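Residue-level structural notes
Spelled out from the first residue to the last, the chains are:
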Amino acid sequence: MGENNTNWELEEGIPQFEDPFIQQYLKGRDALVAEEQKRRHDANFRKTLSPIAARACKIISQIRAREQHEVWTTGLDDAAAHQSDEIFYPGVMFHHAKGRMEKTKLWQILEKMPKGSLLHAHMDAMFDIDFLIDQAFSTPNIHFAAEKPLLTAKDCEETPIFFQFSSQSLGASDGIPSIWSESYQPSSLIPIQTAASSFPRGGEAGFREMIRSRCIIMPEHSYNHYHGVDAIWAIFTKTFPVINSILNYEPIFRTCFRRMLGQLAADGIRYIEFRIAFVFQYRKEGSDTPEEDYYEFCRVVEEEVERFKSTDEGKNFYEARIIWTTIRRFSNAQIIHSMKQCIETKLNFPDLICGFDLVGQEDLGRPLVDMIPLLFWFRKQCAEEEVDIPFFFHAGECLGDGDVTDHNLFDAILLGTRRIGHGFSLYKHPLLIDLVKEKKILVECCPISNEILRLASSIKTHPLPALLSRGVPVSLCNDDPAILGHGRNGLTHDFWQALQGLQNVDLAGLAMMVQNSIRWSCYEDLSTAEWKADVGEGIVGEGLKATRLREWCSDFEKFCEWVVLEYAEFDEAD
């Protein structure tokens, strides 16, 4: 059959691949592809790969190719699969992929990969929700309340609710009406066990599920992209008050924070910069009155990090620091108050606070240009107090093109941000891309978050490849893993999505982004000039950052050795 086809093509005068001019075309094509590859973010890194690392890269690409065929194309030609809407392909939406990805060889490999630093993660969105709810039930004197009686399923879905410690435990025996009845007085505290056991739709199990649904973006919410960004953000923002009301009581926070640090370290993360919006109430153990400032909270964070570092599971963990954030929709007076708190806290906890940012939905919040006077005032106050609190701005987390939100990217760069959070719309700005590269600004990329919050339908439509192909420095981050439904802490989900969904991203591409996360880590306070020099020197420098880059390179080489030994059957070189 093949010979007959060839004979037919020759009779028709169709050129053959062996013909010199076709070979010349293919040679030119390969040269063009190679020339573009030289401009990618990982081009120089590939030149430094050891033979073992190069073999590991090849093995992982072989495994990916096999799994793309065996795991992710199953059912494509099956009518029953089409009818049940169970069509799986490499790069399918996160919630569709999650169950399968965690059973693949690629997942097993990436779990063990040393992942450097986590630079963009909101602390209150990182705690395992089921574990958090468990702590609310097991901690004495935790109470539940709502702004009005919860009479219907809709009330349970939409009415503001909160948890609070109270030393005076009251209930039905004290004449307090049930929260599920019309006689309930708004914001009256009910013991959590009393509220749960009397929940009219399933008792305690139903109550737990109701609270869980108020703390997580459910898969069905993320699927409805036609509802738009504002709709999903309306759900997203309502989760934080519920979570914070449970979390920010000292015994619960300590237990959950300790567990979370262990999960991150087990995932190969050695340094974290938490973003925390300091707009919550924090109570010390046994206190009915919330703290007036955040000194006690910061003291507990430092204490728990040091305690974790002294354990076996935390012996290789470097540090955790905090980027102070406030809400971008706040008034000038509220933002200035938060800025003052930030400076005061930095003076008292100089090793903990490492930066400043504004958070919240960019589209509905105030643009950076509207807050220029406040930001200049903050910089002046820092100089007067002789503290260095650099900017790490969220910018470009939007679908706009040339609107006021999209233009946050211009102000972030002009204001000297050291990194850009998300930068989703940056790929639309060729000049800004050049400036980001020239000024050595890192983009903190959160692909799963961008998908679930309806900026991208899947990793396949994410702008990450556009940035990488232009040589923009990027690190992968997880943003809000607990609320977004990851089901566990760490970076493996985002690493897996990038590796499986983007053909141009292989192990070397992931490794380059890990190196970036270390190069752009704020391990210590540095002036602007020192920061730029430190980032520019990278591994050949003499400072702390260079030391940690070399340590990661050693860890990565050991990881590659493990890959080569463990998956030798995929090594075509053998």
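Basis of the calculations
Residues numbered from 1 in each chain as written. Predicted model: local features only at pLDDT ≥ 70, side-chain atom pairs only at ≥ 80, totals over all residues. Heavy atoms only, no water. Pairing = 2+ DSSP bridges. Helix = DSSP H or I, 4+ residues; strand = E, 2+ residues; numbered from the N terminus. Axes fitted to C-alpha atoms, helices over the stretch in contact; angles between N-to-C directions. Contact = heavy atoms within 4.5 Å. UniProt positions renumbered as here; feature names shortened; annotations may be inferred.

**As for the sheet that holds strand β5 (residues 269–277)**
Read across the sheet, four strands follow the order β1-β5-β6-β7 without closing on themselves; strand pairing throughout is parallel. Of all strands in the sheet, those bounded by a partner on one side alone are β1 (116–122) and β7 (353–359). Neighbour-to-neighbour, the strand axes of the sheet open up by a mean angle of 25°, direction not taken into account. Of the strand pairs in this sheet, β5 and strand β6 (residues 319–327) are connected by seven bridges, and their pairing is parallel. Looking across to β6, one finds that glutamate 273 is bridged to arginine 321. Of the strands in this sheet, β1 and β5 are in contact with helix α15 (residues 250–266), which crosses β5 at around 135°. Sheet contacts for helix α16 (residues 295–309): β5 and β6; angle to β6, the most-contacted strand, approximately 155°.

**A look at the sheet that holds strand β10 (residues 442–445)**
Strand order in the open sheet formed by four strands is β8-β9-β10-β11, with parallel pairing between adjacent strands. A strand with exactly one partner marks an edge of an open sheet, and here the two such strands are β8 (394–395) and β11 (474–476). Where β8 and strand β9 (residues 419–422) come together, two bridges link them in parallel fashion. Note that in β9 the partner of alanine 395 across the bridge is histidine 422. In the packing of helix α24 (residues 507–519) onto the sheet, the strands contacted are β10 and β11, and the crossing angle to β11 comes to about 100°.

**Describing the UniProt feature "domain: Adenosine deaminase" (unreviewed entry) in the protein chain**
UniProt tags residues 233–523 as "domain: Adenosine deaminase" (unreviewed entry). For the annotated span residues 233–523, helix accounts for 44% and strand for 13% of the residues, and the straight-line distance between the end C-alpha atoms is 32 Å.

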